[in-house]
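# Coordinates in review
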Number of protein chains: 4
Amino acid sequence: MANSRFEYVKAFEQTDNLLPNTWVVVRIDGRGFTNKYNFEKPNDRRALDLMNAAAKAVVTDLPDITIGYGVSDEYSFVFHKTCTLFERRASKLVSTIVSTFTAYYVHLWSTYFPQTPLSTPLPSFDGRAVCYPSVQNLRDYMSWRQVDCHINNLYNTTFWSLIQLGGMSATEAEKFLAGTLSADKNEIMFSKFHLNYNNEPEIFKKGSVVFRDYELVEPGTHNVAEAADDLAEPVKQSKTQEEGDRKRRAKARVMVDHLDIIKDDFWDRRPWLLSNKPGKVPKQT
Amino acid sequence: MANSRFEYVKAFEQTDNLLPNTWVVVRIDGRGFTNKYNFEKPNDRRALDLMNAAAKAVVTDLPDITIGYGVSDEYSFVFHKTCTLFERRASKLVSTIVSTFTAYYVHLWSTYFPQTPLSTPLPSFDGRAVCYPSVQNLRDYMSWRQVDCHINNLYNTTFWSLIQLGGMSATEAEKFLAGTLSADKNEIMFSKFHLNYNNEPEIFKKGSVVFRDYELVEPGTHNVAEAADDLAEPVKQSKTQEEGDRKRRAKARVMVDHLDIIKDDFWDRRPWLLSNKPGKVPKQT
Amino acid sequence: MANSRFEYVKAFEQTDNLLPNTWVVVRIDGRGFTNKYNFEKPNDRRALDLMNAAAKAVVTDLPDITIGYGVSDEYSFVFHKTCTLFERRASKLVSTIVSTFTAYYVHLWSTYFPQTPLSTPLPSFDGRAVCYPSVQNLRDYMSWRQVDCHINNLYNTTFWSLIQLGGMSATEAEKFLAGTLSADKNEIMFSKFHLNYNNEPEIFKKGSVVFRDYELVEPGTHNVAEAADDLAEPVKQSKTQEEGDRKRRAKARVMVDHLDIIKDDFWDRRPWLLSNKPGKVPKQT
Amino acid sequence: MANSRFEYVKAFEQTDNLLPNTWVVVRIDGRGFTNKYNFEKPNDRRALDLMNAAAKAVVTDLPDITIGYGVSDEYSFVFHKTCTLFERRASKLVSTIVSTFTAYYVHLWSTYFPQTPLSTPLPSFDGRAVCYPSVQNLRDYMSWRQVDCHINNLYNTTFWSLIQLGGMSATEAEKFLAGTLSADKNEIMFSKFHLNYNNEPEIFKKGSVVFRDYELVEPGTHNVAEAADDLAEPVKQSKTQEEGDRKRRAKARVMVDHLDIIKDDFWDRRPWLLSNKPGKVPKQT
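About the cut-offs
Residues numbered from 1 in each chain as written. Chains lettered and ligands numbered in written order. Predicted model: local features only at pLDDT ≥ 70, side-chain atom pairs only at ≥ 80, totals over all residues. Heavy atoms only, no water. UniProt positions renumbered as here; feature names shortened; annotations may be inferred. Helix = DSSP H or I, 4+ residues; strand = E, 2+ residues; numbered from the N terminus. Buried < 20%, exposed > 50% of the residue type's maximum accessible area, 1.4 Å probe, protein only. Contact = heavy atoms within 4.5 Å. Areas by Shrake-Rupley, 256 points an atom, 1.4 Å probe, with all protein chains shown as cover. Lys, Arg positive; Asp, Glu negative; His and termini not counted. Charge placed at Lys NZ, Arg CZ, Asp CG, Glu CD. 1 Å grid on protein atoms, 1.4 Å probe; cavity = no way out; pocket = protein on both sides within 12 Å on 5 of 7 lines; lining within 4 Å. Points joined across faces, edges and corners; volume = space filled by probe spheres on them. Nonpolar A, V, L, I, M, F, W, Y, C, P; charged D, E, K, R; others polar. Salt bridge = Lys/Arg side-chain N within 4 Å of Asp/Glu carboxyl O. Polar contact = N/O pair within 3.5 Å; in protein donor to acceptor, adjacent residues only side chain to side chain. Buried area = accessible area lost by both parts, 1.4 Å probe. Least-squares fit on C-alpha atoms with pLDDT ≥ 70 in both. Phe/Tyr/Trp six-rings, centres within 6.5 Å; stacked < 30°, edge-to-face > 60°.

In the annotation of an unreviewed UniProt entry, chain A is listed under the name tRNA(His) guanylyltransferase and assigned to Neoarthrinium moseri. Under the UniProt heading Sequence similarities (unreviewed entry), the entry covering chain A gives this text: "Belongs to the tRNA(His) guanylyltransferase family."

If you want it as structure tokens, here you go:
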């Protein structure tokens, strides 16, 4: 029985290789998470910790990812612009990240929600890949997500304080907040409930950033962004260099933190995020 | 703090809507499953049952899928050519299926492998979408996968019998089989080990097909393939019809079976697979 | 001086092969033709004849085109769904048609406008490719263009009669026609100017269709549409058959006509348009 | 007669907008020009002048093009990375350039080949668009084409001297040159025919570059490449600025020259090519 008669169908597969020399961001989103799992409002610390644990596992399993950023039920993962994983095929990159993330999310669920067994339909995520040509584009993307985190969290924190502490209905709270600015929301929380938004946990206000941790560098000693933009083609390294990089990456701790990723300082002190050259592994403490 | 300064980055997202009026096949593949989980050779019934359980859950969760076909660590899912789910965006369709499948695979692992706790890196899958314009193309795709199943399974069954029953090394078995035809392999198994390949379980020889089960139809009473090819644009149904279809689909049992999907008979007796019109729900027994 | 240092840039070229087994329509449009060349209103016969002459040359130069349809300053060309010209790369197909059409349009200009030498900027066209999976989709595309031709021509003919015969300004004519139906426009022309729209030239009312001319066939003797839809993969012909087809195509006259392409009759009598099998070359008269 | 029944076919058109913030190169190639038009060998000055005249017209008609480079029967045109012409749709950009180029090529043919009337099939071109994320990528692309020009021209000049001056057949000349390096070819021409390749016309050795001419700038006073790479999003200019730019561009002479575009000097002295800010229009002499 020859297979050839049907094999012509392979030719229908169309290529989706992403443009070389661009930063690839894969963003995943929880499918219908809002209101689905009875998460605490406005933020459920266990749910965020679970997202972060899954993200940490993704970054660990896929060393080509240089940084991740998460907020609520979404996470963005960044492949360095020189990355050639899966020949940069969009569907392979997206599906691998989505699948790996989902696997850990489901597997670790019981660790974070020991009282709440998973029920069907199980949690799932969708994803997409976007290319950014320059460091500035990439940083603006990251900033966009962190600003979004801030805006949503400020709104949600105020909204739920009106409901939980002020006894309003959702509709009343929504009307009450219509047209308010950031300062108004801060003022409402403070004057009504003596809540100081600044004292909210950083994880709620800033979201979570995941990356390999090396020794911080003095800002101003490198111009990594420019060097990254100057890179024109895939870096050719010797096998020895590659092996060395691989080992240093494997030794580095993948950490989750809640930092300002909009300002230069975060990037200046962590040149490896843009250069893709592993830094100095800090002594384990 | 206005968000607009960074929002321009949204414009970098490129569309990937699949061509209308084509059958969409999403195929997923286990990432590095061979040799990873100590599955039994040549086939591990528990692993196949787990794949099928996950596939059944995917078809149940996503009623837009009309049929799935699985072999080894791969599964193909078919969206009807009139499907407009997620505006037919490739990345949404692929990532949703991959994520849902992974979620169930990980969640149900302990049911099928109670003695083998999952270890990291967790199992994951990648995926891709391919469009097929005609019923014949779609059926040729399905046939291609089932022929592949047959060829691989015949080879693997012979190969492992030489090792497990004949005491050969992998290299010896490989050499021994080089250049053999199907008939030779059947003959080898029979003469050496009194194995009759025909008696192997259908799930190994034919793979697994997943679909909603309705009452079978007499072949020849419909020409569904032609009707499907004649369909030119998305079907417009009344809300009542849609609701009716939805209910009948929800009532139908999603079943897993191991049938010949190459011959006409399978398709002729199940017109709903190509017509996308739910059949008659059989009386539950 | 080795070239290799720069050759990496070739890898940035992305593929754009169109889905196999779909009808490829390349539509080109005049860039800014309205009001540019002082064409007569509502229709300039010389301009249409020039479009048709260029289209005829395109169909002659590119035997892979089975049919073309033109109206005003646009033309659509259809490649058969089995066509593999340029590996179905969209940019090659579109640019070749646009360039060939432009070449003839400019070259033949002086034949049709002997009194009006071309001036810069020279006339140019843009183009795009669209895939249609089924015969019905393709025919609906063609019907869409011909209905558009009818609607626009009826409007324009009425509009310009109000101006040229009725002495209205453009603004007055526009207001006068706002909200009128087809029957109203026919009535306006007849009652005001004794014009019977039915007597307008077919080329204005129906547009122009270009194709290779073979002997007509009795309708009902073929079911070509169905046979075309049933075709699943590129046809494999013997060299002799191919050569025979090539010769018959070369012998066939490429003709321009103004026929109803919405009704079945046009297609039923010219099975070669959908089958891609050259018909019987009529005896030259 | 309602149009709506067929209008669904519009939805089959798929988008092809090119990634923002990348340099767009549209390269066009003569279709089957080799040996077609009895051009003089190894270079036909009239044919090159005609190519350049057409390219100059394209750059004049489409002010969004910042630079063009041509060799033999191919031409590359560059859109600045901030360009938003036609919403960056690939098919519109490619087809417009191909069509405009073809129009002038055919129209001007008789000026450059007064003795050789055009015959069918008329000359035509195909084209494609490629995106380059960084200035270095773009310059490497341009260098790639110019190195190609050099390599081909050195070979062709030697090859044809062996035939035209040395009396060899094409096959003999090909064999004779197999495996020779650049230095060998120079030596062959000099020792056999007293030809000094360095004395060949610049247009043959370097190809042709087309751009808007402004006053040259002292190298080192700008870092335009870096500034261009730093640009992240479409520049927002006031209407007044835009109008000013438009006027300065219109005033600038579009010139054709034969310069080294591989070295920095060319780009350093013409910052407007990368910045897209028109320079100072030189006093007309």
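The subject of this paragraph is the overall build of chain A. For chain A, the helix and strand inventory stands at 11 helices and 6 strands. Principal-axis analysis of the C-alpha atoms gives chain A an extent of 65 × 60 × 40 Å. Counting the 285 residues in chain A, one finds 53% classified as buried. By sequence separation, contacts in chain A at least 24 residues apart represent 79% of the contacts at least 6 residues apart. Here chain A displays about 13000 Å² of accessible surface, and carbon together with sulfur accounts for 50% of that area. Treating the 36 positive side-chain charges of chain A as one cloud and the 36 negative ones as another, the clouds have centres 5 Å apart.

This part takes up empty space enclosed by the protein. Residues and elements named next belong to chain C. Evaluation of the coordinates by the stated rule reveals 6 cavities of 30 Å³ or more. When its volume is computed, the largest cavity comes out at roughly 100 Å³. Considering the residues around the largest cavity, the lining is formed by Pro-63, Ile-65, Thr-66, Arg-212, Tyr-214, Arg-249, Trp-272, Leu-273, Asn-276, Lys-277 and Pro-278. Elements with a contribution of two residues or more to the lining of the largest cavity: β2 (65-71) and α11 (272-275). Residues of the lining of the largest cavity, tallied by class, amount to 6 nonpolar, 2 polar and 3 charged.

Moving on to the interface of chain B and chain A. With 53 residues of chain B in contact, the opposing surface of chain A contributes 53 residues. Counting every contact that joins chain B to chain A gives 6 salt bridges. Between A:Lys92 and B:Asp126 there is a salt bridge, and its shortest N-O distance comes to 2.7 Å. Taken together, chain B and chain A are joined by 16 residue pairs in polar contact (both at pLDDT 80 or more). Of all the secondary structure elements, the ones that give two or more residues to the side of chain B that touches chain A are α1 (4-7), α3 (90-112), β4 (125-132) and α4 (135-164) of chain B. It is α3(B) that contributes the most residues to the side of chain B that touches chain A, 13 residues altogether.

Our focus in this paragraph is the interface of chain D and chain C. Taken together, the 53 residues of chain D in the interface contact 53 residues of chain C. Interface area for chain D against chain C, summed over the two sides, is near 4400 Å², with a carbon-plus-sulfur share of 63%. The interface formed by chain D and chain C includes 6 salt bridges. Looking at the side of chain D that touches chain C, the elements that each hand over two or more residues are α1 (4-7), α3 (90-112), β4 (125-132) and α4 (135-164) of chain D. Looking at the side of chain D that touches chain C, the element that brings in the most residues is α3(D), giving 13 residues.

This part covers the pattern of salt bridges. Applying the stated rule across the entire model yields 72 salt bridges over all chains. Note that A:Asp260 and A:Lys263 form a salt bridge whose closest N and O atoms lie 3.2 Å from each other. A relative accessible area of 25% means that A:Asp260 is categorised as partly exposed. The partner of C:Arg246 in a salt bridge is C:Glu243, with the nearest N and O atoms 3.1 Å apart. Taken together, the positions of C:Arg246 and C:Glu243, both in helix α9 (residues 239-251) and 3 residues apart, correspond to about one turn of that helix. On the basis of relative accessible area, C:Glu243 is assigned to the partly exposed category, the value being 34%. Salt bridges sharing partners connect three or more residues here, namely A:Glu13, A:Lys92, B:Arg27, B:Asp29, B:Asp126 and B:Arg128.

Right, let's get into the side chain of D:Asp245. All names here are of chain D. Within the secondary structure, Asp-245 is located in helix α9 (residues 239-251). Among the polar contacts made by the side chain of Asp-245, one reaches the side chain of Gln-237 at a distance of 3.3 Å. If near-sequence neighbours (up to four positions away) are discounted, Asp-245 is found in contact with Gln-237 and Pro-278.

Superposing chain B onto chain A takes a rotation of 180° plus a shift of 0.0 Å along the axis, which leaves an RMSD of 0.0 Å. Given the turn and translation reported, the copies of this chain are related as if by a two-fold rotation axis. Most of the interface of chain B is mirrored in chain A, where 100% of its interface residues are also at the interface.

Looking now at the UniProt feature "binding site: Mg(2+) 1" (unreviewed entry) in chain A. All names here are of chain A. UniProt records the feature "binding site: Mg(2+) 1" (unreviewed entry) for Asp-29, Gly-30 and Asp-73 in the present numbering. Look at the named residues: they lie 45 residues apart in sequence, but the longest C-alpha span between them is just 5.9 Å, so in the fold they bunch up. Among the secondary structure elements, Asp-29 is positioned in strand β1 (residues 23-30). Ignoring anything within four residues of it in the chain, the contact list for Asp-29 reads Asp-73, Glu-74, Ser-124, Phe-125, Asp-126 and Arg-128. Assignment of secondary structure puts Asp-73 in the loop between β2 (65-71) and β3 (74-79). Leave out the neighbours within four places in its chain, and Asp-73 touches Ile-28, Asp-29, Gly-30, Phe-33, Met-51 and Phe-125.

Take unusual backbone geometry next. In this structure, the amide linkage connecting B:Thr120 to the following residue, B:Pro121, adopts the cis form with an omega of -5°. On the secondary structure map, B:Pro121 appears in the loop between α3 and β4. Residue D:Arg88 is not a glycine yet carries a positive backbone phi of 60°. If you trace the backbone, D:Arg88 turns up in the loop between β3 (74-79) and α3. With a relative accessible area of 7%, D:Arg88 lands in the buried category.

Under the criterion given, the structure shown has 96 aromatic pairs over all chains. With a centroid separation of 6.3 Å and an interplanar angle of 35°, the aromatic rings of B:Phe39 and B:Trp109 are classed as tilted. With B:Phe39 in the loop between β1 (23-30) and α2 (45-61) and B:Trp109 in helix α3, this pair connects stretches of sequence that are 70 residues apart. Of the two residues examined, B:Phe39 and B:Trp109, each falls in the buried class. Relative to D:Trp144, the ring of D:Tyr141 has its centre 5.8 Å away and its plane inclined at 65°; by these criteria the two rings are edge-to-face. Highlighted residues: D:Tyr141 and D:Trp144, both in helix α4, separated by 3 residues, approximately one helical turn. You'll find D:Tyr141 and D:Trp144 in the same group, each marked buried. Site record: aromatic cluster; members linked through ring pairs are A:Phe33, A:Tyr37, A:Phe39, A:Tyr75, A:Phe77, A:Phe101, A:Tyr105, A:Trp109, A:Phe113 and A:Phe125.

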